[in-house]
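Understanding the architecture of this molecule
As a plain string of letters, each chain reads:
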Amino acid sequence: MTSKNHSKRAQFGSRLGLVATTVGSAVGLGNIWRFPYEAGTHGGGAFLLCYIFFVILIGIPVICAEFAMGRASRSGVVGAYIKLGGNPRRWAWPGYAAILAAAMIIAFYSVVSSWTMEYMVHSTVHIFNPQPTGNIHNDFAQFIAGPKAVIWVAVFMLINGGVLLGGVQKGLERVSSILMPVLFLILLVFCVNSLLMPGASEGLSFLFHPDFSKLTPSVILGAMGQAFFSMSLGMGCLITYASYFKDDTPLLRTAGEIALLDTLVAILAGVIIFPAVFSFGMSPAEGPTLVFEVLPNIFSRIPGGDVWSALFFLLLFVASLTSLMSVSEIVVSFLGDEFRMKRRTAVLWITGIGIILGSLCSLSFGPLKSWNLFNIFDYISSNILLPLGGMATSYFVGWTLKKKFIAAQINPNGKIPAWLLSGIIISLRYIAPACILAVFIAGLF
Ligand code: TRP
């Protein structure tokens with residue numbers, strides 16, 4: 001690393017901005033769309049408990065590992081493995097796998113994000129021009145299969161590109177600092193409303209009372225995959241963001257804040273959705289359409305439903321934009337590091353490729369049904385590449401980089417208790433790789 005390179009690299013402006021941007025990455029569709037349906041199909045409380053277990057045991061240590069790699073190397077994911085792994089590029093492959101995973105995530109994530117925009121605009125139009133509610137299931141199926149969804153994918157990718165063009169401080173950080181408080185405010189409003197619903201307690205007990213008979217290998221694999229996905233782990237997103245951290249940013253504390261806020265938002269999303277689902281006598285196990293069919297069904301039956309609906313999909317839009325920005329930034333940073341590409345050129349590439357792959361995924365609900373790229377990309381990235389990426393990161397930091405490196409990054413002024421530091425190292429060396437491998441293999445059968 002040359003010092004010239006170091007001083008030229010962008011940095012976050014303030015700690016608050018840094019936390020907003022990193023939480024913005026973590027909090028996304030994963031929390032508000034994926035968590036409730038995964039929990040809904042995997043038995044509620046048992047899934048939540050498993051999920052929290054993985055966040056603490058593996059999530060926080062792996063966040064620390066990614067942070068340490070990013071800040072020490074001041075590079076994106078591929079550069080970090082290459083710089084820290086030494087010659088001869090022996091460790092470059094997890095970096096390239098991460099870039100592949102990023103492309104897949106952009107492709108299917110932009111599709112779901114595009115649905116949020118359609119629903120937001122649609123509800124807003126209804127507020128001013130009330131119409132009878134049609135058949136929600138058919139409307140949804142028709143919309144996602146059609147050309148309108150593809151147009152929204154392009155619009156979403158262009159907005160995303162616009163933010164990325166602004167750079168780290170004036171783009172990512174500024175937008176996140178404005179949008180994240182808005183997101184938390186909307187969440188709170190919904191929570192209060194949901195808790196006041198007549199059937200709230202049934203929904204809450206579904207979420208908070210674990211039924212251990214529901215714990216199967218696939219539930220456990222699902223909870224682990226969800227923990228990785230939700231905290232943006234396993235593909236160098238946090239390596240990339242940490243390469244913009246200041247030298248004195250406290251890594252463990254920041255990791256704890258991210259894990260806590262991210263888990264809190266997932267739980268709040270459950271608290272919002274399950275009481276509503278139960279009080280309207282619907283099934284929590286609807287799968288991926290839970291948020292796009294079950295909720296609109298409920299909105300259509302409550303007074304002021306269109307306003308609630310517009311607000312809810314605004315929440316989802318905000319959450320998905322700040323997350324997609326971070327996945328795209330992985331690739332932008334890679335193209336800059338590796339090919340010395342200007343930010344503007346890199347953003348153009350990522351926007352173009354995102355529109356093409358996103359459209360193909362979107363069409364897999366319609367004309368390209370037989371390809372089913374959407375599910376393939378979702379499955380390969382969340383259930384295979386992310387856990388394997390997490391395993392590579394923890395093994396790499398735990399074994400290749402040695403204790404001294406970790407201590408210098410995570411505990412530069414010796415304030416962290418020895419047991420905590422040892423715990424992190426034990427997790428990175430043994431627990432995380434072993435758990436990931438065991439659950440991964442069990443889940444394949
Ligand atoms: N964490 C985001 C969510 O919960 C998605 C996401 C953003 C992501 N960046 C990532 C997932 C990097 C995996 C890796 O929706």
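Within any chain, residue numbers begin from 1 and follow the written order of that chain's sequence. Given that the model is predicted, a residue must reach a pLDDT of at least 70 before its local features are reported, and side-chain atom pairs must reach 80 or more before they are shown or counted; all residues, however, enter totals for whole chains, interfaces and linings. For side-chain calculations, the full set of non-hydrogen atoms in the structure is used, while hydrogens and water are omitted.

Bringing the overall build of the protein into the picture now. Going along the chain from the N terminus, every DSSP run of H or I of four or more residues is numbered as a helix, and every run of E of two or more is numbered as a strand. Regarding its fold elements, the protein presents 19 helices and zero strands. All radius of gyration figures rest on C-alpha atoms, and the globule criterion is 2.2 Å times the number of residues raised to 0.38. Relative to the compact-globule value of 22 Å for 445 residues, the protein shows a C-alpha radius of gyration of 21 Å, a close match. If you line up the protein on its principal axes, its C-alpha atoms span 65 × 50 × 40 Å. The buried label applies to any residue whose accessible area, calculated with a 1.4 Å probe on protein chains only, is under 20% of its type's maximum; exposed applies above 50%, and partly exposed to all values in between. In the protein, which comprises 445 residues, the share counted as buried stands at 58%. For this analysis, residues touch if any pair of their heavy atoms sits within 4.5 Å. Restricting the contact set of the protein to residue pairs at least 6 apart, pairs at least 24 apart contribute 84%. Summed over all atoms, the accessible surface of the protein reaches about 17600 Å², with 69% contributed by carbon and sulfur. Accessible surface area values rest on a Shrake-Rupley calculation with a 1.4 Å probe, where residue burial reflects the displayed protein chains alone.

What makes a residue near a molecule or strand is one non-hydrogen atom of that residue sitting within 4 Å of it. The ligand sits among 17 residues. The nearest are Ala26, Gly30, Tyr109, Phe229 and Ser232. Two N or O atoms count as a polar contact when they lie within 3.5 Å, although within protein this holds only if one can serve as hydrogen donor and the other as acceptor, and sequence-adjacent residues are included solely when both atoms are side-chain atoms. Between the ligand and the protein, one listed contact pairs a nitrogen atom with a backbone N or O atom of serine 230 at 3.0 Å. Relative to its unbound accessible surface of 360 Å², the ligand loses 100% to contact with the protein. Counting residues per element, the ones that place at least two in the shell around the ligand are helix 2 (15-26), helix 3 (29-41), helix 6 (92-128), helix 11 (217-230) and helix 15 (305-339). When its residues are assigned to classes, the shell around the ligand shows nine nonpolar, eight polar and no charged. The residue classification treats Ala, Val, Leu, Ile, Met, Phe, Trp, Tyr, Cys and Pro as nonpolar and Asp, Glu, Lys and Arg as charged. All others, Gly included, are polar.

Right, let's get into helix 6. Expected helix span is taken as 1.5 Å per residue step, with the number of steps being one fewer than the number of residues. The first and last C-alpha atoms of helix 6 sit 54 Å apart over 37 residues, in line with the 54 Å expected at 1.5 Å per residue. With respect to burial, helix 6 is a largely interior element, 26 of its 37 residues being buried.

Once that is clear, we can look at the confidence of the model for the protein. In the predicted model, the protein carries a mean pLDDT of 91, and the fraction of residues at 70 or more is 96%. Predicted confidence in the protein is weakest over helix 1 (residues 3-8), with a mean pLDDT of 51, and strongest over helix 12 (residues 237-242), with 98. The pLDDT score gives, residue by residue, the confidence of the prediction method on a 0 to 100 scale.

Moving on to the nonpolar core. Within the largest apolar cluster, 157 residues are counted, with the highest numbers of intra-cluster contacts made by Phe67, Met235, Val291, Phe292, Phe312 and Phe313. Every residue in contact with phenylalanine 292, bar those within four places of it in the chain, is listed here: Trp33, Val112, Trp115, Thr116, Tyr119, Ile136, Phe140, Phe313 and Leu316. For the purposes of this section, nonpolar cores are sets of buried Ala, Val, Leu, Ile, Met, Phe, Trp, Tyr and Cys residues that join through side-chain atoms within 4.5 Å.

Turning our attention to unusual backbone geometry. Of note in the backbone geometry, arginine 74 takes a positive phi value of approximately 50° without being a glycine. Mapped onto the elements, arginine 74 comes out in the loop between helix 4 (45-73) and helix 5 (77-85). Backbone geometry places serine 232, a non-glycine residue, at a positive phi of 60°. With respect to the element layout, serine 232 can be found in the loop between helix 11 and helix 12. Judged by its relative accessible area of 11%, serine 232 falls in the buried class.

Attention now goes to the state of the cysteines. The disulfide criterion used throughout: a pair of cysteine sulfur atoms within 2.5 Å. Throughout the structure, instances matching the rule amount to zero disulfides. Of all cysteine sulfurs in the structure, the one in cysteine 237 sits closest to cysteine 64, which takes part in no disulfide; the separation is 16 Å. Residue cysteine 64 is classed as buried on the basis of its relative accessible area of 0%. Cysteine 50 supplies the cysteine sulfur nearest to cysteine 435, a cysteine that is in no disulfide, at a spacing of 10 Å.

With respect to the helices and strands, alanine 259 occurs in helix 13 (residues 251-279). The spacing of alanine 259 and isoleucine 355 is 96 residues in sequence and 31 Å in space, taken between C-alpha atoms. When residues no more than four places from it in sequence are discounted, the contact partners of alanine 259 are Val55, Ile60, Ile63 and Met231.

When a carboxyl oxygen of Asp or Glu lies within 4 Å of a side-chain nitrogen of Lys or Arg, that pair is called a salt bridge. Taken as a whole, this structure holds eight salt bridges when the rule is applied. In this structure, arginine 34 and aspartate 378 form a salt bridge, with 3.8 Å as the shortest nitrogen-oxygen distance. One end of the pair, arginine 34, is in helix 3; the other, aspartate 378, is in helix 17 (residues 373-400), and 344 residues separate them in sequence. Across the pair, aspartate 378 and arginine 34 agree in class, each one buried.

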